[in-house]
Every structure is written in C-alpha cells, then in structure tokens.
Amino acid sequence: MKNLIKNIFGTKHDRDVKKLQPLVTEINEHFDKLQSLSDEELIAKTDEFRKRLADSETPDDIMPEAFAVVKEVCRRHLGQTWDVCDMPTEWNMVPFDVQLIGAVALHQGKIAEMATGEGKTLVATMPTYLNALTGKGVHIVTVNDYLARRDREWMGKIYEFLGLTTGVIHNQMTNVDRREMYQCDITFGTANEFGFDYLRDNMAQRAEDRVHRNYYYAIIDEVDSILVDEARTPLIISGQVESSVHDRYRQMKPTVDILERKQRTLVNDMIAKAENMLAGEKSEDEFEAGLLLLTATHGAPKNKKLLKILKETGMKKLVNDVESVFMRDKKLNDVDEQLYYFIDEREHAIVLTDMGTALLSPAEQNMFEIPDISTMLSELEGDESLSAEERQKKSDEIYRIHGERSEKVHAINQLLRAYTLYEKDVEYVLENGKVMIVDEFTGRILPGRRYSDGLHQAIEAKEGVRIEAESQTLATITLQNYFRMYEKLAGMTGTAETEASEFFDIYKLDVMVIPTNQPMVRVDTEDQIYRTRPEKYKAIINEITERHNAGQPVLVGTVSVDVSETLSRMLKRAGVPHNVLNAKQHQREAEIITRAGESGSVTIATNMAGRGTDIRLGEGVVERGGLHIVGTERHEARRIDRQLRGRAGRQGDPGSSAFFLSLEDDLMRLFGGERLATVMDRLGVQDDEVITHKMVTRAIERAQKKVEAQNFAIRKHTLDYDDVMNVQRKWIYERRLAALERESIKDEVVELIEQVLEALVDNHCPEKEYPENWNLSGLTDDLRQVFLLNLRFREEDITGLTRETLRDKILEAVMHIFRQKELTYGEEVMRQLERYAVLSTIDRHWRDHLAEMDELRTGIGLRAYHGGMGKPIDIYKREAFKMLEQMSATCDREIVNLVYKLQIKVPEKSRVERRREMDAVASHADSTGMGYASAVQAPAGAETAKNPMAEASQAGKQTRTYKRKVAKVGRNEPCPCGSGKKYKKCHGAGE
Ligand code: ADP
Ligand code: MG
C-alpha cells in the first residue's frame, strides 16, 4: 500500500485515495478476524447487518465489516468452478487493496476510474452487497445483455452464498418475468432495458403490468459509454400515426431537384475555372482560384474533384488563407452568397441563400417571406380599432400562416439535407422500395429504424419511393434524466477523467482515479502520420505483418466496419490470418476476443466490440512484448483512444500501442487538417513518408477537444430541453400512477366534475355580467355536450338566480346523473370506468403533447437564428408550460365527459389500444464506433444555422382554453413550468 501511494504522488486524486487508507486497513482487520468463522456464521452476517440497519445504523457504519465479509466469501470460493455463460470458470479472485478503494468510491456514489483488467466486476460486489442489505434493490447496469448475464452468473455465486437474490433482465423477456427480476435484491441489465421498462411502466393499462419497484442505487459499468456516448440520443417508444406530411415532401421535391442541379453545375464550373487558373502562370490568379475553391467547399464539400485538388500540396493552405482574409473582413457571407445554398459540414446544417430563394417559383418565394411574428402580434395588440374578437381572429391567422410556412421551410431544409448530406449506399440503401438506414459503424442495415423529424420522408421523396407515415412518440426520456431518478448513482470505467466535468455537471458524479494494482508498463509510441489513407493502410499492414510473424498478438481498433473490412481484405492479400469483430454479436465476439492475447493472433475490432471482456496473454507472449495495439484513426474523443490503448498492459502485463493517422481522416480533415497541412509543407514531408511530431500530436488533441466540446454541447442541449419536459413528465406520470394504483379515484373525479362545471359557468356567466347578459344557450349546449344534461331555462327562473345558486342547481342535477349511473352499473364497474376515463384521456393527450413539444422545439431552434425573442430555451419553457396548462384543462373536461358518456363494456382496454401497444417500437440509437460521426443526427433544434423562420406552429391549432389552472399541483410542490421554484411562489402565486 505504501508503495502504491508513492507511485501516484502528484495526481490530484492522490489525496482522495490517501484519505481512504484507514478504511482499507479497517476492512482488512475485520477480514482477518472473519477467517475463523464457520460458513454458517459467515452467512449469518447478512441477517445481523440487516437487523443493525433496521435498528439505528447506516450503511456507512457497517461498510468496513460488510466489505470484509464479501472479501472473505471470495477467499472461501478460491479454486471452485462454476458455469459463466456456459463456460466452466474457476474462481481466482480475492479483492486487492486498490479494489477495496474502488469499492468505497462506488459506495460513496462516485465514479471509480480503474484501468481495463483491474477487476471492476469484482469491485462492484462489495458496494452492491452492502446497499442491497437495505432491501431497496440495487441495479447493476452493463453495456450489453451478454455482460449482464455474464456478471450475474460470475458474481451471483458470491451474493447467493450470502443469502441475497439476483436477477437479470434481457431483451426478450415477458413482463411477468421482468417483474420477478426487479423483486430481487440485485438486478443486472442494460441501460436501455432499465430505461424502457420505466417508460413502459408509465404506459401500462393495469397496475400489475408495471415491473420496476424502486430507483434506489445503480452502479453503471463502462459508465462513460452509457452516460456520455449513449446519452447522445434519448430513449423513445413510438407507434405509427396518420399524417399529411407525405404530400408536403412530394410537393417540394421538384423545387429541390432544380436547386440541387443548379448548384451542382455551379460548383463544377467553379472548380474547372479554378483548375485553369492554377495551371496558368499568373500569380494574381492564385487568390481568385483559392476563393473559387473555398466557395466550392461551402457548396459541395464532398465533391470528388474538389477533394482531389485539395489534397495537392499547398492547396489546403491556399483555401485557408483566402478564408482567413474573408473572415478578417467579416465577409464570409459574400462567399456564400455566390451559391444557391451552403453547407456547414461541422454543424450538419444547410442554409438557403438569397440566390436560392430567388430561384424558387414566385409563389414559393412568398412562402419564404417570414412574417416576423412578434412585431405583428404587438402591432395587433396596439390596434385599438379592432374588437377583441377580431383581434383574436387576426392573431389566429398570423399563427396559422406562420405555422404553415415554417412547416414548408422545414420540409425544404430536410429535402436539401437528404440530397446533399445523405448518400445512397452510404448512409442508407434502397431495398424493396424502402429506405433503410445503414449503421455507420457496423455497416449493417437497421431494419425498422427511421430518421426522425421528417428526414426519412425527405429521403423517400428524393428516391421517389412511397413516403411512409411518420411515427409518433408515445413516451421518451433521456438517459440522463432516467439515471437522475436514482437516490444514489455510481459508475466505473477505465476512462472517465477527460469527461470529469461533464459527469459532475450533469450527474453530480465525482471521478476518483484509482491506481493500478501493479505498475503499468505499457509503451505508447508517438503517432505516425501519413499524407493519404492508402499510405497509412500500407504502413498498418506492414506493422501487423511484422508483429504477427514475430508471434506477437495484435489488436487493431477501427472507427467503422468499413475500415475493418478494408483492412481485413488487405490482410487476406498479405496472407495474415485474423478475426474481424463488429460489436453486434456480443457473446460470440467475447469468445473471440478472449483469445486476442494468444501468440500471433490478429484481431480487428470496432471500438465497442468485446468491451468488458478480459484479454489474457497467451503462453510466451510476455517475452515477445505482450499485446500490441494498433489504432487506425483518431476517435472523436480522447477517451475512446485511451480505451483502446487500455486493452494492452492489464494487471502489469507488458504491452504497447501505436496510432496511424493520415491527413485524409475525417477528424483531421474537418478540424485539424489546415494546420497539419501547413506543418507538413514546412517540414518538407514527401509522399509515402511518415512523420511523428509532438506538434502534430498536440494539434490532433486540440481537434479532439473541439469535437468533445461540440458533442457535449449537443448532449447538454438535448438535456436542457428534456429537463423542461421532465418536470411535465413526472407530473403527468404521477397523476397517471395515482389513477392506476389507487383503489378508487371517485373523489378526484367528483372534484373534476365540480371544477369543469365551475369553468363552464365562469365562461358563460361571467361574474361581472348581469344575469340577463349571460349566455345561457351556450351554457346549455355545453352541459348537454359534457354531462349529457338537458337543461331548459324559463324566463322567470332567471331573474331570481345568482351565479352561485345556478351553479349549485346544475351541480345537483349533474351529480344526480352520476349517482344514477353508479347505481345502474354498480360501484365496481363505475370505478373501472373512471380509471379508464383518466388513463385513456391522459395517454392520448400526453402523446399529442409530446408531438407538439417536438414541433415547438424545432420551431424555436429555427426562430433562435432569427433572434430577438430571448433565449430559445426560455421561450421553450414559457410556451411549454402554456401548452401543459391547456392540455391539462382539456384533459379534465374530456375525462368528465367520458365518465358521463361511456357505456358499459369499456373497462378492459379497447382493441385498438391493444394493437397500438403491440406496434410500439422501442428505439435508441447505438454508439458503437466513435469515429468522427459525420452523419449523427443532431437533436431537433440543435442545428443553429437553418433557414430563419418558423415559430410555435402549434399555436395556430390551439384548442379553447378553459379557465382552471393546471390541476392539482400541491402548493409546496415544484412548479411544473420547470422554474425550480415552489408552485405557490411561481405560477400558483395568487391562487
Ligand atoms: P475490468 O472490468 O476492470 O476490465 P474484469 O472485472 O473483467 O476487469 O477483470 C479482469 C480480470 O482480472 C479477471 O478475469 C481476473 O482474472 C482478474 N482479476 C481481477 N481482480 C482480481 C483479483 N483480486 N485477484 C486475481 N485476479 C483478479
Ligand atoms: Mg469490466
């Protein structure tokens, strides 16, 4: 231990680790004493701990003893063998001191950064046992089903010896089984399974269909992969809906066809002209040629000819120089104005220019004139000549036009993206008249997966195939907000440090870097940089062949399946036997990768393939230098590179790593290329020559940091918006849950009846009006519609009425109908009916609300570019709350209406609903390769540079508002608007 502390002085984690030293000593003292106990006495510790926890002690109090008990159980199992994923496996582990430190960190709700192969699976057993003693359930979250099963079977013996139950969730499991698994003390599963179960629970039609029981403590393995990479996209459960968008895309297609063709011709001309100029002698032409190339880059960054020219010596630099001149003079706009539209590859956005707009037919040009909605509305407000009703009509009209136009602009934008950023047979393929997405990392077709936000329809329009119905989100949550529900969260991984600030920002998770058990002796050599990809590949194959011939195992990491396959072909030609892994068949790949350390073996794998599987060195490999890692491209985050390197040098093994890069790699091209091109020119590097240079390595790191920051911004953006939704989601789900689980919700329904009636009376018989001015016919209409009540007023009745007596009389009549119905159907059926009314209404409106929120977010993303209306997220918060208020009021009225209207035979869910459930698709985009993800779909609204315009298009579709404020927010509960204030201090003030 002393040695260990000495080895790591100088790191900021030194102090943290040092602080835990006394605890380690204490655990080991307890451990020494436990050895004399019989098995029965040791097992009895579990009950003793449970009692002590029930009395007055806390998990912290018993931690050292509990950890010691686990350690002793491990010791007693040494040499025993049991099956783990059908493989007989011998138990050979007793926690090292560093593992005890990791265990303490996990118990304290931190992220333990421990290198690959340090035995994190074992580390988790100690805090898991301790916290499971509370009976509240511990969740162990893994990156795939295979690892969930492996860890349960591997570590399960230890827990079960101590009398704890364990369960594992996997993809194909029934609800009944899931529920049983969640009842266990410890449940293993993937983040997706846990998260989708949460969403499905909140769509359940019967209380007994719910499977989760608690969100108490979760330990997330490979935490960076789950909370960072996977957290880029939310979990979504969706079903198909009818929609009229098809026509929109079909209508706009010819327009976009023309735009695209014109732009292509334009760019080709520019390139040809530039080539001519460069071939000539005149030096003043050079700048002009550079400008043309720069413009072409903005207009068609993937143009083959262009890419070829840019590869030539000095070309990149020329373009960059021109760009900086224009940038300095703030005239980059002038460049883009030479085009019909320009593409911002870094932002994955496309912007139509004035020239582009002018090309559209006159009618459509008009479509692009964006009514500045805020000015128009405020002008309207100031117009005294209009009556309130006229004003309402006009403002409805403004919203309607605005909504319609933003939808069209959105369609054009998506079509342009489909044409320019999405290439057939790269991003997608056509199969039987269907557009199928290709997983950019694995190269496999993703059946049933669709791009969101109209993009898929746009591609279908582009390809001229049938445009399929858009699917509607039924439930959604980000992983961030799912995991924030846990009382306590902890994580472990080999690579967390570079993302430490994000972990703290988003999850309040501290990262603690824990030293290795044995000193690390892996040798990481400097990056080898080539000009072109082919040169790089050649060098890689040479390196692999050499090492392979010398009997050293090599693990080759790639960013995509594509690269894996290219290398595989080249190796085959070179006669080197090898395995290729793609991160899809987890178990089979685990079996292959366990053997990646054997003498002379060559394994090619995308980043996630075989993650979590231990690579042991085969016989004679230590003498040959251990496992050698070859990186074939920099990944988009430094973390992923570290992860790959970490595959070698486990538990003090020898090992080495080297990265091979080229200036044509995506990351370099987009973020560091210019700089590097200059450096290489200056160093006078020739073709086929390799350079290794500190400066280059540093430039690459800078580029990675840029991408990391950009990806963090995208995640943060998604989260900011989900946070607003989260408050609403919780509120709706709570209300729903009450309806689902409460024995009777009669009281709530009766309260709703009163409230809805009150609102009707308020509406038609305002307090400030004389009774003779009341709109009694409107009132009777509504009463008939909502309560099926036929009320007739006689002239002479009216004069004697006050609002209160009127209301009381109607209430009496309405309640009479209610009681009659209850009598006819009986208490039990009536209660079921009420429950059904609440659930079906909330579900339907929540679904629509999700869609409207989506639209709102897109609209605001567009509007933000336009500026002038405050921060987009604030607008979103404001409008989202308004929408919730409206939805809630409409819901109340419909629930009441259903209670009155429903005839018997309803209590069970309807056939339609059953079918809908079966159709529901759970989806979550994978993140497997982690190269520079050029086709990653930024969340709607994250695209900062789209065409201006568009606003809350749903505003035009507003349903009538009823007076009552949002139902049943406790005065001391947080306000559903997401302000973080209590309801009574926020929107509930003055109630
Ligand atoms: P990680 O998840 O940290 O990458 P694993 O949990 O997969 O590591 O463990 C890797 C290997 O390390 C195990 O298969 C085991 O052989 C070895 N190991 C871990 N802890 C110990 C220990 N305390 N004693 C002996 N071997 C251990
Ligand atoms: Mg692991």
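Here we take up the overall build of the chain. Tallying secondary structure elements over the chain gives 35 helices and 24 strands in all. Scored against the burial criterion, the 991 residues of the chain give a buried share of 55%. Residue pairs in contact within the chain that sit at least 24 positions apart in sequence constitute 76% of those at least 6 positions apart. Looking at the chain as shown, the accessible area adds up to about 43900 Å², and 49% of this sits on carbon and sulfur atoms.

Moving on, we come to the pairing of strand S2 (residues 87–90). Summarising the sheet, strand S1 (residues 81–84) and S2 pair through 4 bridges and their orientation is antiparallel. Bridge pairing in S2 places Trp82 opposite Thr89.

Among the secondary structure elements, Glu118 is positioned in the loop between strand S3 (111–113) and helix H6 (120–132). Buried and unpaired, Glu118 has no salt bridge, with Arg650 as the nearest side chain of opposite charge at 8.0 Å. Among all residues touching Glu118, those that are not within four sequence positions of it are Val98, Gln99, Pro515, Thr516, Asn517 and Gln651.

Per-residue pLDDT for the chain averages 83, and the proportion of residues at 70 or more is 83%. Low confidence marks residues 905–918, where pLDDT is under 50. Its contacts with residues over four positions away, or in another chain, come to 17 contacts. With pLDDT under 50 throughout, residues 928–968 is counted as low confidence; its partners more than four residues away or in other chains account for 155 contacts.

Ligand 1 sits among 19 residues. The nearest are Val94, Gln99, Gly117, Lys120 and Thr121. Within the side chain of Asp614, an N or O atom sits 3.1 Å from an oxygen atom of ligand 1. Examining the composition of the shell around ligand 1, we find that 3 residues originate from one element, H6, more than from any other.

On to the packing of aromatic side chains. Following the criterion strictly, the structure yields 17 aromatic pairs and no others. The interplanar angle of 85° and the centroid separation of 5.9 Å between the aromatic rings of Tyr215 and Tyr482 together place this pair among those described as edge-to-face. You can see Tyr215 sitting in the loop between helix H9 (191–201) and strand S7 (217–221) and its partner Tyr482 sitting in helix H21 (residues 479–483), a full 267 residues away along the chain. Pair check on accessibility: Tyr215 and Tyr482 agree, each one buried. Each ring, one from Tyr216 and one from Tyr217, has its centre 6.4 Å from the other, and the planes form 65°; the classification is edge-to-face. Since its relative accessible area comes to 7%, Tyr216 is described here as buried. Three or more aromatic residues link up through ring pairs in this structure, and these residues are Tyr198, Tyr215, Tyr482, Phe483, Tyr486, Tyr733 and Trp846. In this structure, Lys488 packs its charged tip against the face of Tyr217, placed 4.6 Å from the ring centre.

Now for unusual backbone geometry. Of note, Asn432 is a non-glycine position whose phi angle comes to about 50°, a positive value. Looking at the secondary structure, you find Asn432 in the loop between strand S11 (428–431) and strand S12 (434–438).

Here we come to the pairing of strand S15 (residues 488–493). Extensive coverage of S15 is indicated by the burial of 6 of its 6 residues. Side chains of S15 alternate between two faces, with Lys488, Ala490 and Met492 and Leu489, Gly491 and Thr493 buried alike. In this structure, S7 lies alongside S15, joined through 5 bridges in parallel fashion. Paired with Ala218 across the two strands is Leu489, which belongs to S15.

Let's shift gears to the sheet that holds strand S13 (residues 445–446). With antiparallel pairing, 3 strands are arranged side by side in an open sheet as S11-S12-S13. If you trace the sheet from one side to the other, it starts and ends with S11 and S13, each paired once. When S11 meets S12, the two strands line up antiparallel, connected through 4 bridges. Within the sheet, the bridge partner assigned to Glu431 lies in S12 and is Lys434.

For the rest of this paragraph, the subject is the nonpolar core. Membership of the largest hydrophobic core comes to 95 residues, with the highest contact counts inside it found for Leu199, Leu227, Phe483, Phe503, Ile753, Phe787 and Phe818. Not counting the four nearest positions on each side in its chain, Phe787 is found in contact with Ile753, Val756, Leu757, Leu760, Asp782, Val814, Ile817, Val896 and Tyr900. Counting 59 residues, the second largest nonpolar core, distinct from the first, contains Leu100, Ala103, Val168 and Ala490.

Conventions and cut-offs
- Per chain, the residues get numbers from 1 upward, laid out in the order the sequence is written.
- Labels are handed out in written order, letters beginning with A for the chains and numbers beginning with 1 for the ligands.
- In keeping with the model being predicted, local features are shown solely for residues with a pLDDT of at least 70 and side-chain atom pairs are shown and tallied solely at 80 or more, while totals for entire chains, interfaces and linings include all residues.
- The basis for the side-chain values is all heavy atoms of the structure; hydrogens and waters are excluded.
- Going along the chain from the N terminus, every DSSP run of H or I of four or more residues is numbered as a helix, and every run of E of two or more is numbered as a strand.
- Between buried and exposed lies partly exposed: a residue is buried under 20% and exposed over 50% of the maximum accessible area for its type, with that area taken using a 1.4 Å probe on protein chains only.
- The contact criterion used throughout is that any non-hydrogen atoms of two residues lie within 4.5 Å.
- Residue burial considers only the protein chains on display, and all accessible areas are found by Shrake-Rupley using a 1.4 Å probe.
- At least two DSSP bridges between two strands are required for those strands to pair.
- Charge convention: Lys and Arg are scored as positive, Asp and Glu as negative, and His as well as the terminal groups of each chain are ignored.
- One side-chain nitrogen of Lys or Arg within 4 Å of one carboxyl oxygen of Asp or Glu is enough to make a salt bridge.
- Confidence scores here are pLDDT values: one per residue, from the predictor, ranging 0 to 100.
- Here a residue counts as near a molecule or strand whenever at least one of its heavy atoms sits within 4 Å of it.
- Polar contacts, as counted here, are pairs of nitrogen or oxygen atoms within 3.5 Å of one another; within protein the pair requires one atom able to donate a hydrogen and one able to accept it, and residues that are adjacent in sequence qualify only if both atoms are side-chain atoms.
- Between the rings of Phe, Tyr and Trp (Trp by its six-membered ring), a pair exists once the centres lie within 6.5 Å; its type follows the angle of the planes, with under 30 degrees stacked, over 60 edge-to-face, and the other angles tilted.
- Remark: a charge is flagged as sitting over a ring if the NZ atom of Lys or the CZ atom of Arg is within 6 Å of the ring centre and within 35 degrees of the ring normal.
- In plain words, nonpolar cores are sets of buried Ala, Val, Leu, Ile, Met, Phe, Trp, Tyr and Cys residues tied together by side-chain atoms within 4.5 Å.

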